[in-house]
Protein chains: 2
Amino acid sequence: MNGKVSTTRTKLERGRSALGPALELVHTGRAPTRAVLTSELGVTRATAGAVAAELEALGLIRVDSRPGSAAGSQGRPSHRLSVRESGPVAIAAQVHADGFRAALVGLGGRLVATAPGCVTVTADPAQVIGEVVDDCARLLRDSGLRCVGAGLAVPSAVAEPEGTALNPLHIAWPAGAPVSEIFADCVREAGIPGPAFTGNDVNLAALAEHRHGAGRGAQHLLCVATGHRGVGGALVLDGRLHTGSSGLALEVGHLTVNPEGRPCHCGGRGCLDVETDPLAFLVAARREPGPEESLLKQAGDLLRTEYEDAAVRGAAEELIDRLGLGLAGLVNILNPDRIILGGLHRALLDADPERLRAVVADRSLWGRSGSVPILPCTLDHNSLVGAAELAWQPVLDDPLAALA
Amino acid sequence: MNGKVSTTRTKLERGRSALGPALELVHTGRAPTRAVLTSELGVTRATAGAVAAELEALGLIRVDSRPGSAAGSQGRPSHRLSVRESGPVAIAAQVHADGFRAALVGLGGRLVATAPGCVTVTADPAQVIGEVVDDCARLLRDSGLRCVGAGLAVPSAVAEPEGTALNPLHIAWPAGAPVSEIFADCVREAGIPGPAFTGNDVNLAALAEHRHGAGRGAQHLLCVATGHRGVGGALVLDGRLHTGSSGLALEVGHLTVNPEGRPCHCGGRGCLDVETDPLAFLVAARREPGPEESLLKQAGDLLRTEYEDAAVRGAAEELIDRLGLGLAGLVNILNPDRIILGGLHRALLDADPERLRAVVADRSLWGRSGSVPILPCTLDHNSLVGAAELAWQPVLDDPLAALA
DNA sequence: GCGGTTTGTTTAGTTGCGGCACAAATTCAG
DNA sequence: CTGAATTTGTGCCGCAACTAAACAAACCGC
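Residues numbered from 1 in each chain as written. Chains lettered and ligands numbered in written order. Predicted model: local features only at pLDDT ≥ 70, side-chain atom pairs only at ≥ 80, totals over all residues. Heavy atoms only, no water.

Participant: Outline the overall build of chain A, listing residues and values.
Facilitator: Looking only at helices and strands, chain A features 15 helices and 14 strands. Taken against the 2.2 N^0.38 rule, which gives 22 Å for 404 residues, the C-alpha radius of gyration of chain A at 23 Å falls within 12% of a compact globule. Once the C-alpha set of chain A is aligned to its principal axes, its extents read approximately 65 × 60 × 55 Å. With 404 residues in all, chain A has 55% of them scored as buried. (Helix = DSSP H or I, 4+ residues; strand = E, 2+ residues; numbered from the N terminus. Rg over C-alpha atoms; globule rule 2.2 N^0.38 Å. Buried < 20%, exposed > 50% of the residue type's maximum accessible area, 1.4 Å probe, protein only.)

Participant: Describe the sheet that holds strand β11 (residues 231-237) of chain B, listing the residues and the values that go with them.
Facilitator: All names here are of chain B. The mixed open sheet is built from five strands, whose spatial order is β12-β11-β10-β13-β14. This sheet does not close on itself; its edge strands, each paired only once, are β12 (240-241) and β14 (374-376). Sheet topology places strand β10 (residues 220-226) next to β11; seven bridges connect them, and they run antiparallel. The residue bridging A225 from the neighbouring strand is G232, located in β11. Sitting on the sheet, helix α11 (residues 344-351) touches β10, β11, β13 (338-343) and β14, and the angle it makes with β13 is about 110°. (Pairing = 2+ DSSP bridges. Contact = heavy atoms within 4.5 Å. Axes fitted to C-alpha atoms, helices over the stretch in contact; angles between N-to-C directions.)

Participant: Help me get a handle on the sheet that holds strand β6 (residues 147-154) of chain A, residues and values and all.
Facilitator: Residue and element names in this part refer to chain A. The five strands are arranged β5-β4-β3-β6-β9 in an open sheet whose pairing can be described as mixed. With one partner strand each, in any of the chains shown, β5 (111-115) and β9 (196-200) form the two edges of the open sheet. On average, each strand axis in the sheet is tilted by 20° relative to the strand beside it, whichever way the strands run. Sheet topology places strand β3 (residues 89-96) next to strand β4 (residues 99-106); eight bridges connect them, and they run antiparallel.

Participant: I'd like a description of the side chain of T226 of chain A, backed by residues and values.
Facilitator: Counting through the fold element by element, T226 of chain A comes out in strand β10 (residues 220-226). Look past the residues within four positions of T226 of chain A in its chain and what remains in contact with it is V231, T276, D277, P278, L296, G342, G343, L344 and H345 of chain A.

Participant: Give me the lowdown on the interface of chain A and chain B, citing residues and values where you can.
Facilitator: Contact with chain A, which involves 57 residues of that partner, is made by 54 residues of chain B. Of the roughly 4700 Å² buried where chain A meets chain B, counting both sides, 55% is carbon and sulfur surface. There are zero salt bridges connecting chain A and chain B. Remark: the boundary between chain A and chain B carries 18 residue pairs in polar contact (both at pLDDT 80 or more). Considered class by class, the residues forming the side of chain A that touches chain B number 21 nonpolar, 25 polar and eleven charged. (Buried area = accessible area lost by both parts, 1.4 Å probe. Salt bridge = Lys/Arg side-chain N within 4 Å of Asp/Glu carboxyl O. Polar contact = N/O pair within 3.5 Å; in protein donor to acceptor, adjacent residues only side chain to side chain. Nonpolar A, V, L, I, M, F, W, Y, C, P; charged D, E, K, R; others polar.)

Participant: How would you sum up the pairing of strand β6 (residues 147-154) of chain B? Please name residues and give values.
Facilitator: Residues and elements named next belong to chain B. For β6, a buried count of eight out of eight residues is recorded, marking the element as mostly surrounded by other parts of the structure. Pairing between strand β3 (residues 89-96) and β6: five bridges, direction parallel. When the bridges of β6 are listed, Q94 appears paired with A153. Pairing geometry for β6 and strand β9 (residues 196-200), over five bridges, is parallel. From the neighbouring strand, G151 faces β9, where its bridge partner is F197.

Participant: Kindly report on the domain arrangement of chain A, identifying the contributing residues and their values.
Facilitator: All names here are of chain A. For chain A, the domain assignment lists domain 1 (19-83), domain 2 (89-204 + 382-402) and domain 3 (216-376). Between domain 2 and domain 3, the C-alpha centre-to-centre distance is 26 Å. Facing the 14 residues of domain 2 at the interface are 17 residues of domain 3. Taking both sides of the interface into account, the surface hidden between domain 2 and domain 3 amounts to around 1200 Å²; carbon and sulfur atoms contribute 55%. Considering only the surface of domain 2 that becomes buried against domain 3, H170, V202 and N203 emerge as the three largest contributors, covering 46% of it. At the boundary of domain 2 with domain 3, the tally comes to one salt bridge. Across the pair D397 and R240 runs a salt bridge, and its minimum N-O distance is 2.8 Å. Taken together, the connections running from domain 2 to domain 3 amount to three residue pairs in polar contact (both at pLDDT 80 or more). When contributions to the side of domain 2 that touches domain 3 are tallied by element, the ones reaching two or more residues are β7 (158-159), α6 (201-212) and α14 (382-397). (Domains from an automatic or database assignment.)

Participant: Break down the packing of helix α1 (residues 19-27) of chain B against helix α14 (residues 382-397) of chain B for me, citing the residues and quoting the values.
Facilitator: Residue and element names in this part refer to chain B. Orientation of α1 relative to α14, taken along the N-to-C sense of each, is 140°, at an axis distance of 7 Å. By the angle between their directions, the pair α1 and α14 is classed as oblique. The segment α1 lies against α14, with G20, P21, L23, E24 and H27 engaging E389, V395, L396 and D397. In terms of residue class, the contact of α1 with α14 is built from four nonpolar, two polar and three charged. (Parallel < 35°, antiparallel > 145°, perpendicular 65-115°, else oblique.)

Participant: Give me the packing of helix α9 (residues 295-305) of chain B against α11 of chain B: which residues, what numbers.
Facilitator: Residue and element names in this part refer to chain B. α11 packs onto α9 with a crossing angle of 5° between their chain directions and a minimal axis gap of 10 Å. Comparing their axes, α11 and α9 come out roughly parallel. On α11, the residues that touch L296, A299, G300, L303 and R304 of α9 are L344, A347, L348 and A351. In the contact of α9 with α11, the residues fall into seven nonpolar, one polar and one charged.

Participant: Kindly report on the relation of the copies chain A and chain B, identifying the contributing residues and their values.
Facilitator: Each copy of the sequence occupies a distinct position, and chain A is placed on chain B by a rotation of 180° and an axial shift of 0.1 Å, giving an RMSD of 0.1 Å. Read as a symmetry element, the transformation amounts to a two-fold axis. Considering only C-alpha atoms, the part of chain A nearest the rotation axis is P259 of chain A, at 2.5 Å. In this assembly the copies share their binding face: 95% of the residues contributing to the interface of chain A also contribute to that of chain B. (Least-squares fit on C-alpha atoms with pLDDT ≥ 70 in both.)

Encoded structure:
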């Protein structure tokens, strides 16, 4: 019983350990100058200088030492740090009910190029993913930029480590489709370099909002959003996506928010999923629901343009109350320091922010948590940017190893 | 706009960075020999040797190099590592509805000495905490051992960073009592060296079970338990207690588990809190509840001795179904890889494990998560040991700095 | 007793980073 | 315009934590 099977795990991850944290600070915009980088990293100026120079040599950031660029306080102005414009990019792809989309995303969440790809999503994941990866490969070729990897956002929980989509029901894919493997295969066949990752769209949206949007600075960020059908949730803890032990955390759709509510396929009734999605809103407002892939737009337009209508307003208030109950339950369990809402939930927050905040405060037990800020998502294409974050992550963790 | 206010955060925490992880491995029993320590740390044998020697020099562990102690496989037998018997201890105290308790706890969660202190808890937190700290100080004096700090477990959520007890209702303390400050003051006045910490009892029980009990090896450990009244929850993520942004996470008592259930003071009805605690069990079994501070014992005895009684069994099955619904909700949100149950919930699991597992599997959406193991707590005095873990934590994080 | 195996120990680098001293670039006071 | 004050960048030294490699020690089976 001496020792273990593995002989002597060599530790080659030694290269300048502050490199990753430094890049992350520049990436998230928290280190605009070298002086700030120095204090944020908690190292000496000499070390921060060496780190910044190395990141510049890797082609990731730009160190602007020309004087006169910054003014305001006294003392020697610090060198400005910024993401390099023509630096490497990550491939980002997203599949949703009303089509798919491809993009190239640089450091800092900068959209370098996008391809709309407004094609109807078919029931065959391999075909859809193949098409979107083709779009990605074309974008990359046209740009001539270096690529660090690829990320895909899908509207379904993704089980880890298998990488299977467990409930892609609203896009008519078979449950359990091995989307992660399909995407990785397509990426490899298309000649796109670097690793490939797949994640749930709301998770990735939350990640993007945390780094570049309304979630910046939050330590316990809760994100809840609706697409066309169903509700998704995500939690970002200390800058890392919390996906649970097998990728299935924050499946918040089946919290009970209305004991007398309509039955849900999960076996319960009055679940958040069926009580606060666009379909529920349209039904409550007594409107005829249109095609499934445009429910979000229909509900959102209705909410914005006819809020004076009694039926619309009543439906909105009902949904706000239900959503508030669900958020309060999540606050009691997760105790986040910020909540951001997307999709129709964002529109509901915009319609009557005070009502939603009041319900959450009333039903989350402690006043302190009750006062948790609730904000709308601010980023365009946040799932897409989040998919790119997945691909950037290895570089952020260890730039030297990832770019070797 | 150059730099920040803070000048140059000095980084004096440099002393042998592998020291903390190494001590944690010995503390949790995951490094029985120096060879295992070497592979677990991922360092060379030389480094592991130096680290072990330094921990021994600090008086924390024992390195047993006498040959012949270990046999079984071929090759030179490795030196055995163990917690030092007469090493330093942490002070542990617990307040609960039926009294308080004091103890000294060594590394490895070893109870060195305990004082029962079976006194009725009064409505004055300062008085109760003062008495229990006196017991602690007496234990420490009598033992003659070195002390690294003190920890207190209370049956209430503790808000951070204020350290106030938010809902110590079942022990008749005022809501918002500054228990953390009271405890720290008492500890200082009693001449007990080291820092003082306060935490929720279920949180601390979960921490102790994770390191020394049924939760060992779990990466996402969920713990749910009932005392005499109400339900508490805790989550241990990657070895660290997850208490949310202000210490109020895992307040799981107000998940809806019975839409037609009895009203709860939170404003809802059918909450886990009022549907699955000992009082609910006694009422469902049509028994007369005894005094509040012995409800757990009364319910547990009833469950164990009269399970054949139809009313008792019916009540148990009803509570199991409600508990299962609550656990399923938590599984959907947190996706733990292990669940452990304490108090009456533990007894309910023992009574009919299959029924509980079936309900959780049925109502947690994905089969994979549905098969999450559900186990009973195994440690005696787990809250007490957990309180000591709080006090040990600085030593585990940086032994050199904490013992300086 | 002898090879094979696993572990402990010693020695000699390697390196990331703190500490320090000094140079550079700006503001502010006069 | 000049000089002091302030803040930042840079070069150099040294420490301390670690790796790598070679060797010694303690067990096994034959």
